[in-house]
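# Analysis of the macromolecular model
Below, each chain spelled out in residue letters.
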Amino acid sequence: DGGITQSPKYLFRKEGQNVTLSCEQNLNHDAMYWYRQDPGQGLRLIYYSQIVNDFQKGDIAEGYSVSREKKESFPLTVTSAQKNPTAFYLCASTQRGVRGIDGYTFGSGTRLTVV
Amino acid sequence: DQQVKQNSPSLSVQEGRISILNCDYTNSMFDYFLWYKKYPAEGPTFLISISSIKDKNEDGRFTVFLNKSAKHLSLHIVPSQPGDSAVYFCAASIAAGGTSYGKLTFGQGTILTVHP
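So, here's what we can say about the structure.

Cut-off values and rules
Residues numbered from 1 in each chain as written. Chains lettered and ligands numbered in written order. Predicted model: local features only at pLDDT ≥ 70, side-chain atom pairs only at ≥ 80, totals over all residues. Heavy atoms only, no water. Phe/Tyr/Trp six-rings, centres within 6.5 Å; stacked < 30°, edge-to-face > 60°. Helix = DSSP H or I, 4+ residues; strand = E, 2+ residues; numbered from the N terminus. Buried < 20%, exposed > 50% of the residue type's maximum accessible area, 1.4 Å probe, protein only. 1 Å grid on protein atoms, 1.4 Å probe; cavity = no way out; pocket = protein on both sides within 12 Å on 5 of 7 lines; lining within 4 Å. Points joined across faces, edges and corners; volume = space filled by probe spheres on them.

### Examining the packing of aromatic side chains
With the rule as written, the count across this model stands at 15 aromatic pairs over all chains. Arranged with centres 5.1 Å apart and planes meeting at 85°, the rings of A:Tyr35 and B:Phe106 form a pair that is edge-to-face. Residue A:Tyr35 is found in strand S4 (residues 31-37), and its partner B:Phe106 is found in strand S10 (residues 105-106); the two belong to separate chains. Judged by its relative accessible area of 0%, A:Tyr35 falls in the buried class. Taking 6.2 Å as the distance between ring centres and 70° as the angle between the ring planes, the aromatic pair formed by A:Phe106 and B:Phe106 counts as edge-to-face. Note that A:Phe106 is positioned in strand S10 (residues 105-106) and B:Phe106 in strand S10, a pairing that runs across two chains. For the pair A:Phe106 and B:Phe106, one class covers both residues: buried. Aromatic ring contacts, followed pair by pair, group A:Tyr33, A:Tyr35, A:Tyr48, A:Tyr104, A:Phe106, B:Tyr36, B:Phe46, B:Phe89 and B:Phe106 into a single cluster.

Structure (structure tokens):
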């Protein structure tokens, strides 16, 4: 079955550490996105990529980095520069088409906690 | 600047009644709107969408209404069922062209609770 796989489901990070969240899709989607969910703030866009080897900053990119070396993969690194990284992280993908947007497919998320 | 707002953090409805979830937006460039449903610790799932060329779209128990002049959309669920209890997000996008292509802006979400 096609879908998006995020791993790990739960992740604990010590202060000052970088961590990388994995996102893999087998939907042959061109575009991939990283969102962060905090209580009462909805989903906020961190980074997005519309094609391989290209990505754009979203609304809250500071303290994060991404790469898009393969169409299937869009890993997110949470660096030590991110001041408040504890959150629920969601990866999504969508296919470019005439309408462009028939809804994202989301992964099941990664809960990151700083300890 | 919150371009998409869901001003009701929560809504409680009796089973069988209508649930109405509201969403307002400020960016007049938005021309495609979507609703997502989300359970705790899971990713959102697509529910229904509407293009700005329409004012209504229906899919089973779910209907989305768009009032462009008021920059307002609403999701109606009739009849409501306990399994509808979840967080509902509205999202908006500029559907065509430019670097905004495919980028969704989400509201804060509304927690819907449907009581048996």
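Still to come is the rest of the account.
### A few points about the layout of surface pockets
Once rolled over the atoms, a probe with the size of a water molecule shows which space is left empty. Of the pockets and cavities examined, the largest pocket occupies roughly 370 Å³. Surrounding the largest pocket, 21 residues form its lining, A:Gln37, A:Pro39, A:Gly40, B:Val87 and B:Ile111 being those nearest its centre. Going through the elements one at a time, strand S9 (86-93) and strand S11 (110-115) of chain B are the ones with two or more residues in the lining of the largest pocket. The greatest single-element share of the lining of the largest pocket, amounting to three residues, is contributed by S9(B).

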